[in-house]
Amino acid sequence: KTRPIDIKEFDLEKAWWNNRVENEYAWKVPVKEIVKRGFNLDVKNPRAQSIDKQHNAQDLIGLLENSMTKSLSLLTQMKSAIQ
């Protein structure tokens, strides 16, 4: 980081810490759950809405084709810019 972290940047967190309340960014995880997960603390936010969109092969091919077309266009622009 080019600019060191200033201790004042943590004022909101310090104020919250002594009066912790669950919210959209903080939630409780039971110790039993943490032990069951092998002490893995990467627990997903239970309030987050999962966006599990299923794509069929045709959709994936179309998405990939659009991505490749855009990439080729950008590469062409970069080549012409340096010549």
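If you're wondering where the values come from, they're calculated on a predicted model, not measured in any experiment. (Residues numbered from 1 in each chain as written. Predicted model: local features only at pLDDT ≥ 70, side-chain atom pairs only at ≥ 80, totals over all residues. Heavy atoms only, no water.)

Caption draft 1: Region of interest: the pattern of salt bridges. Evaluation of the coordinates by the stated rule reveals five salt bridges. For Lys36, the salt bridge goes to Glu33, with nearest N and O atoms at 3.6 Å. With a gap of three residues between them, Lys36 and Glu33 both fall in helix 2 (residues 31–36), about one helical turn apart. Residue class for Glu33 comes out partly exposed when judged on its relative accessible area of 27%. (Salt bridge = Lys/Arg side-chain N within 4 Å of Asp/Glu carboxyl O. Helix = DSSP H or I, 4+ residues; strand = E, 2+ residues; numbered from the N terminus. Buried < 20%, exposed > 50% of the residue type's maximum accessible area, 1.4 Å probe, protein only.)

Caption draft 2: Fine view of unusual backbone geometry. Despite not being glycine, Phe39 has its phi angle at roughly 65°, a positive value. Note on placement: Phe39 falls in the loop between helix 2 and helix 3 (57–82).

Caption draft 3: Summary view of a nonpolar patch on the surface. Among the surface-exposed residues, Ile5, Ile7 and Phe10 lie close enough to one another that they form a single nonpolar patch of about 300 Å² accessible area. As for its placement among the helices and strands, Ile7 is situated in the segment before helix 1 (11–17). On the accessibility criterion, Ile7 (56% relative accessible area) is exposed. (Patch = residues over 30% accessible without salt bridge, like charges linked within 9 Å, V, L, I, M, F, W, Y side chains within 5 Å. Areas by Shrake-Rupley, 256 points an atom, 1.4 Å probe, with all protein chains shown as cover.)

Caption draft 4: Molecular detail of the environment of Asn45. Summarising the element assignment, Asn45 is placed in the loop between helix 2 and helix 3. Residue classification places Asn45 among the partly exposed positions, given a relative accessible area of 22%. Between the C-alpha atom of Asn45 and that of Val31, which follows or precedes it by 14 residues, the distance is 16 Å. Discounting residues that sit within four places of it in the chain, Asn45 has contacts with Glu24 and Trp27. Looking at Asn45, its side chain comes within polar contact range of the main-chain oxygen of Glu24, at 2.8 Å. (Contact = heavy atoms within 4.5 Å. Polar contact = N/O pair within 3.5 Å; in protein donor to acceptor, adjacent residues only side chain to side chain.)

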